[in-house]
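Now for the letters of each chain:
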Amino acid sequence: MNITLKPADVRDLDAIADLYGAVCDGLADKPWNPGWRRDAFPTREDAARYLSGGWGYVAWAGGAPAGFIAVTPFPNAEGEPAAPSPETKEALYIHVLAVHPGYQRQGVASILLDRAGALAGQEGAKALRLYVWEGNTPAIRTYEKSGFLRLGREDIGLGEFGLDWFYLYEKQLSQ
């Protein structure tokens, strides 16, 4: 399979929204669904926010989006501050990693994670971090396979959605 990665822009919003919908539909009945629901999270508006900061990348397979990743300098995916905190020189954060169900288990997530690591390194970050819901075992396996190490377990405030605990993962980047 030939995958092309490119920075996402506003012209990609409809394709990203369709990708999100397909991913949400694919997760709907899975016990490892991290609360993703069509038209709830992630949404076109979420993608637009990531794109406005230049933080999104699309993996294309032919003319179809196979995956998307959002990498920001902020630890919080919602209501991010106007300017990065001093900590942002230490790490960039992955907020959304979505792979279309038709392209899962074909290396798309690894390609996106490698790009995220390269981007973080170019930005001078020493590490790449992410939070993953403790029940999302397929994602956890993917992150660990890609060299992320579990740093801890945290309540990040999503208990009202049945997502009480998240693991914080980090991948150190070579400088």
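Going by the structure above, here's the rest.
Read on for a plain summary of the structure. (Residues numbered from 1 in each chain as written. Predicted model: local features only at pLDDT ≥ 70, side-chain atom pairs only at ≥ 80, totals over all residues. Heavy atoms only, no water.)

With that settled, the discussion passes to the pattern of salt bridges. In the structure shown here, the tally under the stated rule is 10 salt bridges. Linking Asp 29 and Lys 30 is a salt bridge whose minimum nitrogen-to-oxygen distance equals 3.2 Å. Using a relative accessible area of 63% as the deciding quantity, one classes Asp 29 as exposed. For Lys 30, a relative accessible area of 32% translates into the label partly exposed. (Salt bridge = Lys/Arg side-chain N within 4 Å of Asp/Glu carboxyl O. Buried < 20%, exposed > 50% of the residue type's maximum accessible area, 1.4 Å probe, protein only.)

The next subject is the packing of helix H1 (residues 13-27) against helix H2 (residues 44-52). Look at H1 against H2: their axes get within 9 Å of each other, and the N-to-C directions meet at 130 degrees. Looking at the two axes, H1 sits oblique to H2. Like other packed secondary-structure pairs, H1 and H2 cross with a definite hand, here right-handed. Together, Leu 13, Asp 14, Ile 16, Ala 17 and Tyr 20 of H1 and Arg 44, Ala 47, Ala 48, Tyr 50 and Leu 51 of H2 make up the contact between the two elements. Taken together, the residues of the contact of H1 with H2 sort by class into eight nonpolar, no polar and two charged. (Axes fitted to C-alpha atoms, helices over the stretch in contact; angles between N-to-C directions. Helix = DSSP H or I, 4+ residues; strand = E, 2+ residues; numbered from the N terminus. Parallel < 35°, antiparallel > 145°, perpendicular 65-115°, else oblique. Left-handed = near helix turned anticlockwise from the far one by under 90°. Contact = heavy atoms within 4.5 Å. Nonpolar A, V, L, I, M, F, W, Y, C, P; charged D, E, K, R; others polar.)

On the secondary structure map, Ala 139 appears in helix H4 (residues 137-145). Judged by its relative accessible area of 14%, Ala 139 falls in the buried class. When the C-alpha atoms of Ala 139 and Asn 33 are compared, they prove to be 10.0 Å apart, with 106 residues separating the residues in sequence.

Looking now at the nonpolar core. Among the nonpolar cores identified, the biggest contains 30 residues, and Ile 69 and Ile 94 are the most heavily contacted of them. Secondary-structure elements contributing two or more residues to this core are strand E2 (56-61), strand E3 (64-72), strand E4 (91-99), helix H3 (108-122), strand E5 (127-133), H4 and strand E7 (166-172). Apart from residues no more than four positions distant in its own chain, Ile 94 is found in contact with Ile 69, Ala 70, Val 71, Leu 113, Ala 116, Leu 128, Arg 129, Leu 130 and Phe 148. Within the second largest apolar cluster, 19 residues are counted, among which are Leu 19, Ala 47, Val 58 and Ala 98. (Core = buried A, V, L, I, M, F, W, Y, C linked by side-chain atoms within 4.5 Å.)

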